[in-house]
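Below are the chains, spelled out letter by letter.
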Amino acid sequence: MTIQQPIVDLSPKVGDEVRKTTCYMCACRCGIDVHVKKTPDGEKIAYIEGNRDHPVNQGVLCAKGSAGIMQHNAPSRLKAPMKRVGERGEGKFEEISWEEAYDIAASWLEPIRKTDPSKLAFFTGRDQSQSFTSWWAQAFGTPNYAAHGGFCSVNMAAGGIYTMGGAFWEFGQPDWERTKLFILFGVAEDHDSNPIKMGIGKMKGHGGRVVGVNPIRSGYNAVADDWFGVTPGTDGLLILSLVHCLLKAGKIDLEYLRDFTDAPVLIDADPASPTHGLALVDDDGHKLVWDKTENRPRCYDAEDVDIDLTGTWERDGITHRTVFAHMVDKYLDAQYAPEAVAERVGIEAGRIRALAAEIARVAFEEAIELDHEWTDFRGRTHKTMKGRPVSFHAMRGISAHANGFQTCRALHMLQILIGAVETPGGFRFKPPYPKPATIHPKPHCKVTPGAPLDGPHLGFTHGPDDLCLKDDGTPARIDKAYTWENPMSSHGMMHMVISNAHAGDPYKIDTLFLYMANMAWNSSMNTSGTMKMLSDKDENGDYVIPHIIYSDAYSSEMVAYADLILPDTTYLERHDCISLLDRPICEAEAAADAIRWPVVEPDRNVKGFQTALIELGAKMGLPGFVKDDGSPKFKDYADYITNHERRPGVGPLMGWRGNGEETGRGAVNPQQLDRYIENGGFAIAHIPENAQFYKPWNMAYQDWAVEIGLFDKAAPYLFTLWCEPLRRFQLAAEGHGERQPPDHLRARIKTTMDPLPIWWDATKEHDGDGAYTVTALTQRPMAMYHSWGTQNAWLRQIHGMNPLYVPTKIWQAEGFAEGDWAKVSSPHGEITVPVAHMPALNENTVWTWNAIGKRKGAWALKDNAPEVTKGFLLNHLIHELMPPKADGMRWSNSDPITGQAAWFDLKVKIEKTAAPADGQARPNTGSQASPVGTGPDALAWEV
């Protein structure tokens, strides 16, 4: 008898309608299908799955994305605007109307705009609308604006842009179809998770290998074919050792270096010259190379130039040499030999040599050549596209150190040396990148009462003249970004805002305005100290920081410290714009952008923050937000997205412009958002096949980029192994130029701002003269994103608490057993936390998951929630300032070049201790009242 298999509907209908939008459970910006059910109580979200047509995820959706339904229904959602009625930190509020909220905000902001706009400090978290929020701040006139990049990964972004015109993450991706060796440096699994998981699966499917370089073997490193448990903060030294090996073996792409980089550029060797150490240039400012046919220096971009990579130019008794010659001298030095670095990096010399040999073997013995003709910026036609199938990816693990900028540059130099950037099989840029640092704006800081700022806040400095200093030489910005302390701080220094505002250094502010930045908790170093600074009062009983406005969708720790709350929506109730002006969703072979739109309407008195900013801007009459008659220019954020033009024909969205058929450039189209919704929430424009590689030099790409509005004229450029902005700051420290650094910073500038990548031990100043010898790190788990996941009924079941993971060597030395606790101390403070054993960990490193621990009363969690009782933060051990140097100065705990927060330079001491009597982690930061109450024991509903 034939067995009848049951008929099972594997895809039952779970809603009445599917609405397509963009996920916001992390920064991947995947496309999602939201199943909406119509009920007697209104429309409800029934299910979320991946959008199979979306360019980012192609239908793949992780646990976070699916759990967005719980984020949307979280009990911690704020319900209405609120004003504080208790003391800061208590969490006591009174609900008010939006009209009253705007009146209060305007009563604080309008007076300072008329007298001194710099009294406003406006900083945002990962809001993904920075092109808009910065425009609002510019209209207000304050120089004090930035987003979270300064405490996240500015070293990665700036290091890449200054070196090759783009970086990892949103800027580019491996050539997943062709790469054969993929090496990750310092990548936790929260960033770019779906694309990387999909890519690793794809490359393993065609026989590729994955190598993980990370002190912690979790996530991507756990599925890697090989793992290098590097000592934290020594990645740069490891990379320079790999460079040493490749140079010594002659395994570098000389043709690529000659044609597409500044390796053959001649450097001024005259020590008496004001341009000593800078590129020699012709009368038009073009860099010079040595032409071996004509035996003279010539402009690098001449069509018939015959470049000599090692040429020299002798003039007036001085021999000027190429960048490449300087590199060879520096990196062939024995100090970079594997045997010289092995102990410090924690990897045996033989393994370092083996990794270098594997890179060389794949790059040169498994090279790729595509039969695609293309023409370069010199007018030369190439019959094929040559590729080195080695690709890299890196993130915060190498970025969040005080030596991170130079480490990131070192990694890009390694990629470039083997010819593996913008070539088949290597790393590929995603539009609007690549574009050189020189095409980006410079930072602006001129404050005029009652008027807009003189230009964009953030940008790229190229020398002392670009610093944000007042006429008296003091910092123009509250965070001290773009000063001699951190001259190239391209994303600002958000982690220093509260500390500097509290200290009145460089000046006092009146209003701190934050959005989606949990600065009273996990987004700040020195969490306990920050909480005190936010609530501290002066001798008159007034708050040191007079006014705090905060916008969030949820009842976070920061909410309790604000005076005025502007409640945001969830990501499924709002309009958002994932724009080419900001952080788009492009692929290496296509430009793409996307929207979010309200797939359901909010059931609370809340507004999307961008709409609130538009209404507040119109109320105050900010330029760009009102018409000539003073009436509001935009109804809401959706109206702004549709009708705003950053320059003629170029707006926030590239798709369906003009008559609905134009892409990139075109007039305003009132139906644009409708077309996006019809198309699944995104637009895409494919790059022509002959323009998909060699983008910085490929004129077909350059012309296409101009056509769709990425830039207004072709901008081919050379990769800059020799970073001239660094050298210009060095020159100033040596006494050249009118703008001079303070004497106490001269030595540091000379030492750290080498135009070629270098390495130094950035953790040395944190070890308390040898008392603290263990490095402590945090990672965000794949199932969480910043603070938000801990309120999520599904995701909290994965990470309800976070132990401190301890390697075998320390575990055995301290006599730890399962269930034990440890006292962990640093030069700044101590915590008492549960521990767990993890063998797959660098032997002198401990770590934990970030942002799991929560303050009692926050996020609508119960007082006995594991996140409250056993969850903890390492932030209590990290100070925003360096340990005192007996000079009375406040040295930020940051990269001296970019101001990147040096989270991962933390050194600690581990000691076994008895569990606290109440079984709760220490320190106890007290509690806050919850303005939204406490969540139910079970969160369930039927749709």
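About the cut-offs
- Residues numbered from 1 in each chain as written.
- Predicted model: local features only at pLDDT ≥ 70, side-chain atom pairs only at ≥ 80, totals over all residues.
- Heavy atoms only, no water.
- UniProt positions renumbered as here; feature names shortened; annotations may be inferred.
- Helix = DSSP H or I, 4+ residues; strand = E, 2+ residues; numbered from the N terminus.
- Pairing = 2+ DSSP bridges.
- Axes fitted to C-alpha atoms, helices over the stretch in contact; angles between N-to-C directions.
- Salt bridge = Lys/Arg side-chain N within 4 Å of Asp/Glu carboxyl O.
- Domains from an automatic or database assignment.
- Contact = heavy atoms within 4.5 Å.
- Buried area = accessible area lost by both parts, 1.4 Å probe.
- Polar contact = N/O pair within 3.5 Å; in protein donor to acceptor, adjacent residues only side chain to side chain.
- Phe/Tyr/Trp six-rings, centres within 6.5 Å; stacked < 30°, edge-to-face > 60°.
- Buried < 20%, exposed > 50% of the residue type's maximum accessible area, 1.4 Å probe, protein only.
- 1 Å grid on protein atoms, 1.4 Å probe; cavity = no way out; pocket = protein on both sides within 12 Å on 5 of 7 lines; lining within 4 Å.
- Points joined across faces, edges and corners; volume = space filled by probe spheres on them.
- Nonpolar A, V, L, I, M, F, W, Y, C, P; charged D, E, K, R; others polar.
- Disulfide = S-S within 2.5 Å.

Undergrad: Sorry if this is basic, but what is going on with the UniProt feature "domain: 4Fe-4S Mo/W bis-MGD-type" (unreviewed entry) in the chain here?
TA: The feature "domain: 4Fe-4S Mo/W bis-MGD-type" (unreviewed entry), as given by UniProt, occupies residues 16-76 in the numbering adopted here. Strand forms 39% of residues 16-76 and helix 15%; the C-alpha atoms that close the span are 27 Å apart.

Undergrad: Whenever I open this one, the sheet that holds strand S28 (residues 682-686) confuses me. Can you help?
TA: Sheets are built from strands paired through backbone hydrogen bonds, the pairs being either parallel or antiparallel. Pairing is antiparallel across the open sheet formed by three strands, whose spatial order is S26-S27-S28. Each edge of the open sheet is held by one strand with a lone partner, namely strand S26 (576-578) and S28. On average, adjacent strands in this sheet sit at an angle of 10 degrees to one another, irrespective of strand direction.

Undergrad: Teacher, can you tell me more about the pattern of salt bridges here?
TA: Oppositely charged side chains can pair when the atoms bearing their charge come close. A full pass over the atoms with the stated rule returns 60 salt bridges. One salt bridge connects Lys180 with Glu366, and the closest N-O pair in it is separated by 3.5 Å. Within this pair, whereas Lys180 is found in the loop between strand S8 (172-174) and strand S9 (181-185), its partner Glu366 is found in the loop between helix H11 (349-365) and strand S17 (368-370), the two being separated by 186 residues in sequence. Close ionic contact of Asp568 with Arg574 constitutes a salt bridge, the shortest N to O distance being 2.7 Å. Salt bridges here are not isolated pairs; linked through shared partners, they connect Lys180, Arg209, Glu358, Arg361 and Glu366.

Undergrad: Explain the domain arrangement of the chain to me, please; I cannot follow it from the model alone.
TA: In many reports, interface size means the accessible area that the parts give up when they come together. Examined at the domain level, the chain breaks down into domain 1 (83-148 + 438-567), domain 2 (167-433) and domain 3 (764-913). Taken over C-alpha atoms, the centre of domain 1 sits 27 Å from the centre of domain 3. Counting residues at the interface gives 34 residues for domain 1, matched by 33 residues for domain 3. Counting the surface lost from both domain 1 and domain 3, the interface buries some 2700 Å², and carbon and sulfur atoms represent 52% of this. Remark: the boundary between domain 1 and domain 3 carries one salt bridge. The closest approach of N and O atoms between Asp505 and Arg890, which form a salt bridge, is 2.9 Å. The interface formed by domain 1 and domain 3 includes 20 residue pairs in polar contact (both at pLDDT 80 or more). Of all elements in the fold, only helix H14 (497-503) and helix H15 (527-535) reach the threshold of two or more residues within the side of domain 1 that touches domain 3. At four residues, the largest contribution of residues to the side of domain 1 that touches domain 3 is made by H15.

Undergrad: Is there a simple way to think about the sheet that holds strand S15 (residues 312-315) in this case?
TA: Spatial strand order, S12-S16-S15: three strands in an open sheet with antiparallel pairing. Where the open sheet ends on each side, the last strands, each with one partner, are strand S12 (266-267) and S15. Sheet topology note: the S15/strand S16 (residues 318-322) ladder contains four bridges and is antiparallel. Paired with Trp313 across the strands is His320, a residue of S16. Sheet strands touched by helix H9 (residues 323-331): S12 and S16. Its angle to S16, the strand with the most contacts, is close to 85 degrees.

Undergrad: Help me understand the packing of aromatic side chains, please; the structure alone is not making it clear to me.
TA: The geometry of an aromatic ring pair comes down to the distance between the two centres and the angle between the two planes. Following the criterion strictly, the structure yields 43 aromatic pairs and no others. Ring geometry for Trp98 and Tyr102: centres 5.6 Å apart, planes at 45 degrees, overall tilted. With Trp98 and Tyr102 both in helix H3 (residues 98-115) and four residues apart, the pair spans about one turn of that helix. What makes Tyr102 buried here is its relative accessible area of 8%. Relative to Tyr433, the ring of Phe171 lies with its centre 4.5 Å away and its plane at 70 degrees, an arrangement referred to as edge-to-face. Note that Phe171 is positioned in the loop between helix H5 (154-164) and S8 and Tyr433 in the loop between strand S22 (427-429) and H14, a separation of 262 residues in sequence.

Undergrad: So what exactly am I meant to see when it comes to empty space enclosed by the protein here?
TA: A probe as big as a water molecule, rolled over the atoms, marks out the empty space that is left. Under the counting rule described, the total for this entry stands at eight cavities of 30 Å³ or more. Within this model, the largest cavity holds a volume of roughly 440 Å³. Forming the boundary of the largest cavity are 33 residues, of which Arg396, Thr778, Gln779, Trp903 and Phe904 lie nearest the centre. The greatest single-element share of the lining of the largest cavity, amounting to four residues, is contributed by strand S29 (residues 774-779). Looking at the lining of the largest cavity residue by residue, the classes come out as 15 nonpolar, 14 polar and four charged.

Undergrad: What should I look at first to understand the state of the cysteines in this one?
TA: As enumerated under the stated definition, the model contains zero disulfides in all. Summary of cysteine pairing: Cys23 is not part of a disulfide, and the nearest cysteine sulfur, belonging to Cys30, is at 6.3 Å. Of the cysteine sulfurs around Cys586, a residue in no disulfide, the closest is that of Cys577, at 12 Å.

Undergrad: Explanation requested: the environment of Pro803 in the structure shown.
TA: Tracing the backbone shows Pro803 in the loop between S29 and strand S30 (804-806). Taking relative accessible area as the criterion, Pro803 reaches 13% and is therefore assigned buried. Spatially, the C-alpha atoms of Pro803 and Ser107 are 46 Å apart, while their sequence positions differ by 696 residues.

Undergrad: Would you mind going over the side chain of Ser218 with me for this structure?
TA: Note that Ser218 resides in the loop between strand S10 (209-213) and strand S11 (226-228). Beyond its immediate stretch of four places on either side in the chain, Ser218 contacts Glu189 and Gln779.

Undergrad: What am I meant to see in the side chain of Thr569 here?
TA: Positionally, Thr569 belongs in the loop between strand S25 (564-567) and S26. When its relative accessible area of 4% is taken as the criterion, Thr569 is described as buried. Not counting chain neighbours up to four residues away, the residues in contact with Thr569 comprise Ala553, Arg574, Arg604, Val606, Lys607 and Gly608.

Undergrad: Explanation requested: unusual backbone geometry in the structure shown.
TA: For the bond from Tyr433 to Pro434, the omega torsion is 15 degrees, close enough to zero to count as cis. For Pro434, the position within the fold is in the loop between S22 and H14. Here the amide bond leading from Asp505 into Pro506 is cis, since omega sits at 20 degrees, within 30 degrees of zero. Positionally, Pro506 belongs in the loop between H14 and strand S23 (511-515). One non-glycine residue, Asn295, lies in the positive phi region at around 55 degrees. Judged by its relative accessible area of 55%, Asn295 is exposed.

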